[in-house]
Amino acid sequence: MPITETSTTSRAWILMAVLLIGVPIVLCGGPLTWWMARRSNAFSTLHQRRDEIVARGLPIDDQTMMEYRSAQMDHQRSERWMKLLDQLEAAEFKTACREIPILGTPEDEVAFVPGQPYPYDRQVQVFLAEHSDLLKELHQIVEGSGAIWTKADFDSFNTLLPYIQATRTAVRLLSLELEDAIRRDDHDQVFDSLVAMIGVARSLEKEPVLVSQLVRIAIVGITVQYSKQAIELDLLDGEQLSALLTQYRALDDFGSGYRIAIIGERAMSQPMFDNVQRLSDPRATHSMNLNQRPLDALASLDYMQRAESIPTDDLNSFYHEIVALDADFQAQRAEANWLNQYETLMTELTAPALAAYGNAIVRSTMSTRLVKLAIGLRLYEKRHGRWPDTLGQLSADQSVGDLGPTEPVGHKPFGYRVTDGRAELWGFRAETPFESTPESPTDLTALGESEGENLAVWNWLLERSE
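Residues numbered from 1 in each chain as written. Predicted model: local features only at pLDDT ≥ 70, side-chain atom pairs only at ≥ 80, totals over all residues. Heavy atoms only, no water.

A count of helices and strands for the protein chain gives 18 helices and three strands. Out of the 466 residues in the protein chain, the part that is buried amounts to 47%. Restricting the contact set of the protein chain to residue pairs at least 6 apart, pairs at least 24 apart contribute 74%. Counting only carbon and sulfur atoms, one obtains 54% of the accessible surface of the protein chain, whose full area is about 23000 Å². (Helix = DSSP H or I, 4+ residues; strand = E, 2+ residues; numbered from the N terminus. Buried < 20%, exposed > 50% of the residue type's maximum accessible area, 1.4 Å probe, protein only. Contact = heavy atoms within 4.5 Å. Areas by Shrake-Rupley, 256 points an atom, 1.4 Å probe, with all protein chains shown as cover.)

Below you can see the structure in the form of structure tokens.
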């Protein structure tokens with residue numbers, strides 16, 4: 001074979017080999033290079049976005065979270081508050097509570113109903129007397145207080161909040177005290193217990209953690225139930241009612257609790273994007289490049305920025321927008337291609353369920369607005385000897401005081417009417433932002449016992465003062 005033919009054949013085989021080996025490399029290397037370039041750009045953008053958040057004085061990681069949280073709260077009562085909460089969580093106190101209603105689990109426990117015999121009456125009085133110093137300290141710390149700092153070491157979503165459960169125990173102790181006061185017809189103690197309950201709730205009002213805000217909302221819910229009982233039974237005089245109204249007015253700003261929770265959730269989630277391994281191993285401190293998810297982190301920041309920017313000056317608009325944002329987030333996830341779903345997987349896992357959180361805020365805010373109206377009705381009746389004709393007439397009466405915001409969602413006022421000399425006030429448990437106040441109170445007798453108890457807080461019936 002001539003040399004030229006051999007050379008041509010060799011070049012052909014070389015070209016074939018290059019094509020067989022090189023083309024797959026190019027096909028794989030091109031997308032890989034593109035993906036790595038995207039990650040590199042994402043890292044740069046992520047650092048810039050985080051710096052901008054810090055420049056606003058907001059937290060973005062564990063260290064800045066602890067600094068931000070500390071700056072939001074009062075430290076003057078912290079040592080006393082933590083010491084008391086430690087006592088409530090101590091084994092000795094838990095043992096003493098074991099057979100006490102509300103605090104423990106006595107056998108065959110029955111709920112207290114005003115006017116009916118209560119089998120634990122003497123037992124409760126002995127317990128309260130034995131812990132009178134603890135209760136006195138509890139009242140002194142929380143009555144009229146705002147946010148109180150407690151120790152917490154932040155470690156992203158692995159953070160432990162050791163004092164949260166104890167605050168719930170504090171409210172249960174106050175509930176026990178309040179029910180005992182009703183049985184003894186001690187109206188001053190009823191008032192003091194209600195004020196202290198609101199104080200415990202307010203001790204959490206600057207906690208930048210969503211779970212803490214949900215606990216605060218739960219405590220407010222308990223306080224509302226007991227306030228309803230006290231107002232319907234006419235246990236508070238005019239001065240106490242006005243003072244209680246002032247306490248409830250301190251809860252008007254629902255937006256601050258919402259916004260601080262979003263700020264905190266953003267700061268707690270970002271460290272996870274820098275080291276995914278921390279999800280499965282809280283002790284993991286070093287992160288390789290593949291454990292970092294900058295594109296995911298940016299998607300989370302976008303979502304949290306939208307959540308933070310939702311206006312809170314109007315309860316109805318807030319409810320619509322927070323539900324819409326949550327629905328939009330879910331729709332985007334469903335419509336995303338496989339690559340986008342992979343790149344934002346952590347965002348889906350760490351994003352708060354805004355619709356559920358917003359719903360809790362709305363219900364809590366509506367229930368406290370009902371309390372303020374009920375306080376106003378009692379004050380009006382005590383000062384004029386009759387009920388107002390309308391809620392508008394009530395709000396316009398300067399002798400009652402400024403009730404603040406009293407509107408529910410749905411662009412329709414709470415229900416109100418006077419029947420046989422009794423004032424009826426009602427609302428509704430908002431399940432969607434499109435509901436509004438029904439024309440008449442919900443018939444609780446037509447519901448099951450459990451459902452009726454849950455909805456009872458929305459139906460108020462006030463007898464005339466004696």
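Now that the structure has been shown, we can carry on.
What follows covers empty space enclosed by the protein. In this structure the tally under the stated criterion is two cavities of 30 Å³ or more. The volume enclosed by the largest cavity comes to roughly 80 Å³. In terms of lining residues, the largest cavity is bounded by 14 residues, among which Arg-69, Thr-150, Tyr-163, Ile-164 and Glu-207 are the most central. Of the residues assigned to the lining of the largest cavity, the class counts are eight nonpolar, three polar and three charged. (1 Å grid on protein atoms, 1.4 Å probe; cavity = no way out; pocket = protein on both sides within 12 Å on 5 of 7 lines; lining within 4 Å. Points joined across faces, edges and corners; volume = space filled by probe spheres on them. Nonpolar A, V, L, I, M, F, W, Y, C, P; charged D, E, K, R; others polar.)

In this structure the tally under the stated criterion is 29 salt bridges. Salt bridges sharing partners connect three or more residues here, namely Asp-121, Asp-180, Arg-183, Arg-184 and Asp-186. (Salt bridge = Lys/Arg side-chain N within 4 Å of Asp/Glu carboxyl O.)

Among the five residues in strand S2 (residues 422-426), four count as buried, and that is most of the element. Both strand S1 (residues 415-419) and S2 contribute to a ladder of five bridges, which runs antiparallel. Paired with Thr-419 across the two strands is Arg-422, which belongs to S2. The antiparallel pairing of S1 with S2 creates a hairpin that spans two residues between the two strands, and Asp-420 there sits at a positive phi of about 55 degrees. Here S2 runs beside strand S3 (residues 459-462); their pairing, made up of four bridges, is antiparallel. Note that in S3 the partner of Leu-425 across the bridge is Trp-460. (Pairing = 2+ DSSP bridges.)

To continue, consider unusual backbone geometry. Residues other than glycine seldom take positive phi values, yet Ser-156 does so here, at roughly 50 degrees. Looking at the secondary structure, you find Ser-156 in the loop between helix H6 (132-142) and helix H7 (164-183). The class of Ser-156 is buried, set by a relative accessible area of 0%. Of note, Asp-420 is a non-glycine position whose phi angle comes to about 55 degrees, a positive value. Looking at the secondary structure, you find Asp-420 in the loop between S1 and S2. Of the residues examined, Asp-420 reaches a relative accessible area of 73% and is grouped as exposed.

So, on to the layout of surface pockets. Empty space within the largest pocket amounts to approximately 800 Å³. Lining the largest pocket are 21 residues, with Phe-112, Gln-225, Gln-229, Glu-453 and Ala-456 sitting closest to its centre. Considering every element that reaches the lining of the largest pocket, the biggest residue donor is helix H9 (residues 210-232), with five residues. Residues that form the lining of the largest pocket fall into these classes: 14 nonpolar, two polar and five charged. Taken together, 18 residues form the lining of the second largest pocket, with Ile-217, Gly-221, Gln-225, Arg-429 and Val-457 sitting closest to its centre. When residues of the lining of the second largest pocket are traced back to their parent elements, those giving at least two are H9, helix H16 (354-384) and helix H18 (449-455). It is H9 that provides the largest number of residues to the lining of the second largest pocket, a total of seven residues.

The next subject is the packing of aromatic side chains. Scanning the entire structure with this criterion turns up seven aromatic pairs. One aromatic cluster is present, formed by Phe-254, Tyr-258, Phe-318 and Tyr-357 through successive ring pairs. One residue, Arg-183, lies across the ring of Phe-112, its end atom 4.9 Å from the ring centre. Above the face of the Trp-460 ring, Lys-228 is positioned so that its terminal group lies 5.8 Å from the ring centre. (Phe/Tyr/Trp six-rings, centres within 6.5 Å; stacked < 30°, edge-to-face > 60°. Lys NZ or Arg CZ within 6 Å of the ring centre and 35° of its normal.)

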